[in-house]
Amino acid sequence: MLSNDVLSQRKRGHGSSVVDELAARDIIVALICPGHVKTRLDVGGATVEIASSVTSMRLLIDSMTMEDSGTFRRYNGDTIAW
């Protein structure tokens, strides 16, 4: 359900995003790329071990603040432009 403020903005032609809507509730929204992970489905070329990817993503998530909301990050913390 959308708040009255969000509905009002949309009626005036202003867009809204999940990031904006959840920021008011102190919820961080970010996309994280796990890297090219070596899995049993790998057809070759993967360079990142599963444990390394998971450990790195957990550390990254733990370190995120509201200022990281809306970003696209690589498992190692690098920002991916989009």
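Please refer to the structure placed before this passage.
Structural notes, computed from the coordinates. (Residues numbered from 1 in each chain as written. Predicted model: local features only at pLDDT ≥ 70, side-chain atom pairs only at ≥ 80, totals over all residues. Heavy atoms only, no water.)

**Here we look at the overall build of the chain**
Let me state the cut-off plainly: Working definition: helices are DSSP H or I runs of at least four residues, strands are E runs of at least two. Numbering for both runs from the N terminus. Per-residue accessibility, obtained with a 1.4 Å probe over protein chains only, is compared with the maximum for each type, and a residue is labelled buried under 20%, exposed over 50%, and partly exposed between these values. Any pair of residues with heavy atoms lying within 4.5 Å of one another is described as a contacting pair.
Each helix and strand counted, the chain has 3 helices and 2 strands in total. Within the chain, the fraction of its 82 residues that count as buried is 20%. Within the chain, residue pairs in contact and separated by at least 24 positions form 43% of the contacts whose partners lie at least 6 positions apart.

**As for unusual backbone geometry**
A positive phi angle is found at Asp26, which is not glycine, with a value near 55 degrees. Its place among the elements puts Asp26 in the loop between helix 2 (18–23) and strand 1 (31–33). For Asp26, a relative accessible area of 62% translates into the label exposed.

**Observations regarding the environment of Leu60**
With respect to the helices and strands, the residue Leu60 is situated in helix 3 (residues 50–63). Sequence separation of Leu60 and Asp78 is 18 residues, and the distance between their C-alpha atoms is 10.0 Å. Aside from chain neighbours lying at most four places away, what touches Leu60 is Ile32, Arg73, Arg74, Tyr75 and Gly77.

**Overview of the environment of Ala51**
Residue position: Ala51 is located in helix 3. In this structure the C-alpha to C-alpha distance between Ala51 and Lys38, which are 13 residues apart in sequence, comes to 9.8 Å.

**Quick notes on the pattern of salt bridges**
Which entries qualify depends on this criterion: Basic side-chain nitrogens of Lys or Arg form a salt bridge, by our definition, when they fall within 4 Å of a carboxyl oxygen of Asp or Glu.
Going through the model one piece at a time under the given rule, you end up with 2 salt bridges. The shortest N-O distance in the salt bridge between Glu49 and Lys38 comes to 3.0 Å. Of this pair, Glu49 sits in the loop between strand 1 and helix 3 while Lys38 sits in the loop between strand 1 and helix 3, placing them 11 residues apart in sequence. Classification of Glu49 by relative accessible area gives partly exposed; the value is 45%. For Arg73, the salt bridge identified is with Asp68, shortest N-O distance 3.0 Å. Among the residues examined, Arg73 registers a relative accessible area of 13% and is labelled buried.

This is a description of form; function is not addressed.
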